[in-house]
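Structural features, examined
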Amino acid sequence: LEKNNKNINFEKIPHFGESHCLSFTHQIVSVSSKLKQIQPVLIKGAKAWHFAKDEMNKWKDSLNQQIKSHTYSDTVFISFGEIDCRKDEGILSFMLKNSKCISEVCNDTINRFLNYMEITLSPNYSKRYYFGVPAPTREKELSDELDIKRIEMIKQYNSILKIEVLSRGSCFLDVYALTSNKDGENNKLHMCDKTHLSPKCLSILFKDHLYKN
C-alpha cells in the first residue's frame, strides 16, 4: 500500500470489517469536503450473518470492544458481507441446505445485520458508509451451477443492501457497480487479487458510486 502525505496528520475514519477493511489502510479520502485518513479495524472472519443473529457472539463482542477504541470520528466505514457471499459458505450454502430462495435469505440476513449495526454504531457515528460486495471472479473457464447461482446471489445481495442502507439514512458505496461486467462477473479492473479491492479504486468509488439518501 502506498502511504500518501506521510508528514500530514489527518483526522482518521475507522473502517470496521473483515479482511476487506485492509484494502484502504491509511489511504486518504475526501469526505464532506475534508481530507481524512482511513484506519482499518479488523474483525477477522466476521460475516453479516454473525451480526444478524439474536444472541451475543465473539464477533459482536469484538465490534463492541473496538468501538471503545475508535471514537475519534463521527464517521465510520463498514465492510462486511463478502464472506457471506462465497461459493462454499454463507448464504449459498444455507440456501441449498434449507431449500430457501436467494432473495429470502439475502433479505433476512441484510435486514437483521443492518438493524444491529445501526443500533450499535449510531450512538458514536452520525455518518455511516457501507461498502457493497465486489462482483465474483471466475475461477475456471466454465461456470458450474453454483457459480451461476453465486453470480445471481451477489447481484441480489448488493441490490437489497443498497436499498436497505439508504432507507436507514446511511450512505452506500456501490462496489458491485464498479467491479461488475455485463454478465455479473468481476471485470478485474479494480482488484489487487481475486477477492480484495485495490486501494487505487477508492477515489473512483467516492466520485462515481456513492449514494446518499
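Our structure is the block above this text.
In short, a report on the structure. (Residues numbered from 1 in each chain as written. Predicted model: local features only at pLDDT ≥ 70, side-chain atom pairs only at ≥ 80, totals over all residues. Heavy atoms only, no water.)

Some details on the overall build of the protein
Put simply, the rule reads: Only DSSP runs of H or I with at least four residues qualify as helices, and only runs of E with at least two residues qualify as strands; both kinds are numbered from the N terminus onward. Here's how the labels work: a residue is buried when its accessible area is under 20% of the maximum for its type, exposed when over 50%, partly exposed in between, all with a 1.4 Å probe on protein chains only.
Within the protein, the regular secondary structure consists of 7 helices and 7 strands. Listed N to C, the secondary structure of the protein is β-β-β-α-α-β-α-α-β-α-β-α-α-β in terms of helices and strands. For the C-alpha atoms alone, the extent of the protein along its principal axes is close to 50 × 40 × 30 Å. Counting across all 213 residues of the protein, residues that qualify as buried make up 52%.

Thoughts on empty space enclosed by the protein
Gaps left between atoms are located by rolling a probe of water-molecule size over the structure's atoms. Threshold: Think of a 1 Å grid over the protein atoms and nothing else: a 1.4 Å probe that fits but is trapped marks a cavity, an open set flanked by protein within 12 Å on at least five of seven lines marks a pocket, and residues with an atom within 4 Å of a point count as lining. Grid points are joined across faces, edges and corners, and a volume is the space filled by probe spheres set on the points. Under the scheme applied, nonpolar residues are Ala, Val, Leu, Ile, Met, Phe, Trp, Tyr, Cys and Pro; charged residues are Asp, Glu, Lys and Arg; polar residues are all the others, including Gly.
Enumeration over the complete set of coordinates arrives at 1 cavity of 30 Å³ or more. By volume, the largest cavity is sized at about 90 Å³. Looking at the largest cavity, it is lined by 14 residues, and the ones nearest its centre are His-20, Ser-79, Phe-131, Gly-132 and Pro-134. When its residues are assigned to classes, the lining of the largest cavity shows 6 nonpolar, 6 polar and 2 charged.

Considering the pattern of salt bridges
Threshold: The working definition used for a salt bridge is a side-chain nitrogen of Lys or Arg within 4 Å of a carboxyl oxygen of Asp or Glu.
This model, assessed by the stated rule, comprises 15 salt bridges. A salt bridge links Glu-89 to Lys-47, with the nearest nitrogen and oxygen atoms 3.4 Å apart. Placement of the pair is Glu-89 in the loop between β4 (75–79) and α3 (91–97) and Lys-47 in the loop between β3 (34–42) and α1 (48–52), with a sequence separation of 42 residues. For Glu-89, a relative accessible area of 25% gives the class partly exposed. According to the relative accessible area criterion, Lys-47 is buried, its value standing at 15%. Put simply, Glu-89 and Arg-86 hold a salt bridge, and the shortest N to O gap is 3.5 Å. Each of Lys-47, Glu-82, Arg-86 and Glu-89 takes part in one network of salt bridges that share partners.

Details of the packing of aromatic side chains
Operational definition: Pairing of aromatic side chains here covers Phe, Tyr and the six-membered ring of Trp, requires ring centres within 6.5 Å, and sorts the geometry by plane angle: under 30 degrees stacked, over 60 edge-to-face, intermediate tilted. Distance and angle both matter: a charge sits over a ring if NZ of Lys or CZ of Arg is within 6 Å of the ring centre and within 35 degrees of the ring normal.
Using the criterion set out here, one finds 11 aromatic pairs in the structure. With 6.1 Å between their ring centres and 65° between their planes, Phe-16 and Tyr-125 make a pair best called edge-to-face. Here Tyr-125 lies in the loop between α4 (102–121) and β5 (127–131) and Phe-16 lies in strand β1 (residues 11–17), a separation of 109 residues in the sequence. The exposure class of Tyr-125 is buried, given its relative accessible area of 0%. Above the plane of the ring of Tyr-211 lies Lys-162, whose end atom (NZ or CZ) is 3.6 Å from the centre.

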